[in-house]
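Listed below are the residues making up each chain.
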Amino acid sequence: MLVAGASGVLGGLAARELKARGAVVALAGRNPDRLAGVAGELGGAPFRRFDAYDLDSCGALAAWAARELGGLDGVLVTVGVAGFGRVEEVPDAVVEHLFAVNVLCPAAVLRGAVARVADGGFLAAVTGAVVGQPMLGTADYAAAKTALSCWLGVVTREVRARRLRVFDFRLPHLETGFSDRPVAGRPPALPRGGDPAAAVRALVDQLEGAAPPAR
Ligand SMILES: NC(=O)c1ccc[n+]([C@@H]2O[C@H](COP(=O)([O-])OP(=O)(O)OC[C@H]3O[C@@H](n4cnc5c(N)ncnc54)[C@H](OP(=O)(O)O)[C@@H]3O)[C@@H](O)[C@H]2O)c1
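Quick caveat: nothing in here was measured; it's all calculated off a predicted structure.

## A short note on the pattern of salt bridges
Here is step 1: Using the criterion set out here, one finds 8 salt bridges in the structure.
Here is step 2: Ionic pairing is found between Arg86 and Glu88, a salt bridge with its closest N-O pair at 3.0 Å. The same class applies to Arg86 and to Glu88, which are both exposed.
Here is step 3: Across the salt bridge formed by Asp119 and Arg162, the nearest N and O atoms sit 2.8 Å from each other. Of this pair, Asp119 sits in the loop between helix 5 (92–113) and strand 5 (122–126) while Arg162 sits in the loop between helix 6 (139–158) and strand 6 (165–169), and the two are 43 residues apart along the sequence.
Here is step 4: On the accessibility criterion, Arg162 (26% relative accessible area) is partly exposed.
Here is step 5: What emerges from the salt-bridge pattern is a single network uniting Glu17, Arg21, Asp205 and Glu208.

## Considerations on the site of the ligand
Here is step 1: With respect to spatial proximity, 27 residues lie near the ligand, and among them Ser7, Leu10, Asn31, Leu174 and Thr176 are the closest.
Here is step 2: Between the ligand and the protein, one listed contact pairs an oxygen atom with a backbone N or O atom of Gly5 at 3.2 Å.
Here is step 3: One of the backbone N or O atoms of Gly8 is found 3.1 Å from an oxygen atom in the ligand.
Here is step 4: Summarising the interface, the protein chains cover 93% of the accessible area of the ligand, which totals 880 Å² for the free molecule.
Here is step 5: Elements that contribute at least two residues to the shell around the ligand include exactly helix 1 (9–20) and helix 6.
Here is step 6: Among the residues forming the shell around the ligand, the class breakdown is 12 nonpolar, 10 polar and 5 charged.

## Things to note about the packing of aromatic side chains
Here is step 1: Under the counting rule described, the total for this entry stands at 3 aromatic pairs.
Here is step 2: Seen in terms of ring centroids, Phe122 and Phe167 are 6.4 Å apart; in terms of plane orientation they differ by 75 degrees. Their pairing is edge-to-face. Taken together, the residues span a long stretch of sequence, with Phe122 in strand 5 and Phe167 in strand 6 at a distance of 45 residues.
Here is step 3: Residue classification places Phe122 among the buried positions, given a relative accessible area of 0%.
Here is step 4: Among the residues examined, Phe167 registers a relative accessible area of 5% and is labelled buried.
Here is step 5: Look at Tyr141 and Phe178: their rings are 6.1 Å apart centre to centre, the planes differ by 50 degrees, and that puts the pair in the tilted class. Taken as a pair, Tyr141 in helix 6 and Phe178 in the loop between strand 6 and helix 7 (196–210) lie far apart in primary sequence, 37 residues in all.
Here is step 6: Judged by relative accessible area, which is 11%, Tyr141 ranks as buried.
Here is step 7: Taken together through their ring pairs, the aromatic side chains of Phe122, Phe167 and Phe169 make up a single cluster.

About the criteria used
- Residues numbered from 1 in each chain as written.
- Predicted model: local features only at pLDDT ≥ 70, side-chain atom pairs only at ≥ 80, totals over all residues.
- Heavy atoms only, no water.
- Salt bridge = Lys/Arg side-chain N within 4 Å of Asp/Glu carboxyl O.
- Buried < 20%, exposed > 50% of the residue type's maximum accessible area, 1.4 Å probe, protein only.
- Helix = DSSP H or I, 4+ residues; strand = E, 2+ residues; numbered from the N terminus.
- Near = heavy atom within 4 Å.
- Polar contact = N/O pair within 3.5 Å; in protein donor to acceptor, adjacent residues only side chain to side chain.
- Areas by Shrake-Rupley, 256 points an atom, 1.4 Å probe, with all protein chains shown as cover.
- Nonpolar A, V, L, I, M, F, W, Y, C, P; charged D, E, K, R; others polar.
- Phe/Tyr/Trp six-rings, centres within 6.5 Å; stacked < 30°, edge-to-face > 60°.

Set out below in structure tokens:
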């Protein structure tokens, strides 16, 4: 399985959890030190860098992972970045960044994975509870996540004949520090978030149910 975003908190937790349950994982991320660190923890898992602004590098990840692993049963994308502010305060460059990281990049990774993932496998991405429940000051972030959610919904129907499962994980606010690393702006007041490890265990429970039987 491929985890794209494994250098982040949730991606790293998911990679560890998948490995602990017996999956063979390939990792992709942006920060080279954190990526290598997770790969080392997982006993030398293959890893590769990519950036949301290089969509070719995003689209090539699944083919690379399939080569490294000798097949591919699923792809989980946890890439994302927050950005906050009233709409009239958010510069267009920030909006572009939010859409590149939260929509174009995950879509490119999964687009490249459709033909690579084995029948009965999965395509998955993390969107967020913000889909359907956007807070004031999150219009562009929420719009980006909602666009990805819509895209995943169409993919779900397109790949059904191949028994590919598509997951749109609308996670609630979690204590990963994500909202404290926005590309711009300051987060609205948020209650204490949930436990990231518990959320990732529940997410992997669903992926495990979708993975094809061992070959
Ligand atoms: N934490 C929450 O409360 C929460 C709630 C709902 C949904 N989510 C979603 O969950 C996902 C993971 O969040 P997290 O909490 O684990 O935060 P995180 O640790 O900040 O993870 C964000 C990930 O996105 C990657 N990323 C950001 N900009 C990138 C770029 N330009 N190119 C390539 N990768 C880039 C980061 O890569 P590097 O670390 O290598 O820079 C990191 O792997 C996000 O999609 C977020 O929207 C989070």
